[in-house]
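Survey of secondary and tertiary structure
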Amino acid sequence: MFTIEQIEWAHSKVKSGAEFPEYIKEIKELGVTSFETWVFDSHTNYFGKNEFKINSQPKYEQITIANSSDKDTF
């Protein structure tokens, strides 16, 4: 399957939104079928065939996300 290092290498080539489609194509070729990135610490879970799953390290310390928001203040 694929590794976090392979995904990070592909991601390192992205300098703007214009390169993002090529990044997605490249990680799909590695075998990534889907991924989810978590807002609270920016770690990502990558999924492949046969229930394969790997997780990236958090990008920053965990932040607290409010249970509700104040739309007018926001």
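Right, let's walk through the structure included here. (Residues numbered from 1 in each chain as written. Predicted model: local features only at pLDDT ≥ 70, side-chain atom pairs only at ≥ 80, totals over all residues. Heavy atoms only, no water.)

Quick look at the overall build of the chain now. The number of helices and strands found in the chain is two helices and three strands. Taken against the 2.2 N^0.38 rule, which gives 11 Å for 74 residues, the C-alpha radius of gyration of the chain at 15 Å runs more than 25% over that of a compact globule. Seen along its three principal axes, the alpha-carbon backbone of the chain occupies a region of about 45 × 30 × 20 Å. Here the chain, with 74 residues, has 23% of them falling under the buried criterion. For the chain, restricting intrachain contacts to residue pairs at least 6 apart in sequence, the fraction spanning at least 24 positions comes to 28%. Looking at the chain, you have 8 positive and 12 negative side-chain charges, and the mean spots of the two groups are 7 Å apart. (Helix = DSSP H or I, 4+ residues; strand = E, 2+ residues; numbered from the N terminus. Rg over C-alpha atoms; globule rule 2.2 N^0.38 Å. Buried < 20%, exposed > 50% of the residue type's maximum accessible area, 1.4 Å probe, protein only. Contact = heavy atoms within 4.5 Å. Lys, Arg positive; Asp, Glu negative; His and termini not counted. Charge placed at Lys NZ, Arg CZ, Asp CG, Glu CD.)

Further remarks concern the layout of surface pockets. Taken as a whole, the largest pocket encloses approximately 220 Å³ of empty space. Around the largest pocket, the lining residues are Ile7, Glu8, His11, Phe20, Tyr23, Phe35, Thr37, Ser42, Thr44, Tyr46, Ser56 and Lys59. Elements with a contribution of two residues or more to the lining of the largest pocket: α1 (4-12), α2 (20-30), β1 (34-37) and β2 (44-47). When residues of the lining of the largest pocket are assigned to their parent elements, the largest contribution, three residues, is made by α1. Across the lining of the largest pocket, the residue classes break down as five nonpolar, five polar and two charged. (1 Å grid on protein atoms, 1.4 Å probe; cavity = no way out; pocket = protein on both sides within 12 Å on 5 of 7 lines; lining within 4 Å. Points joined across faces, edges and corners; volume = space filled by probe spheres on them. Nonpolar A, V, L, I, M, F, W, Y, C, P; charged D, E, K, R; others polar.)

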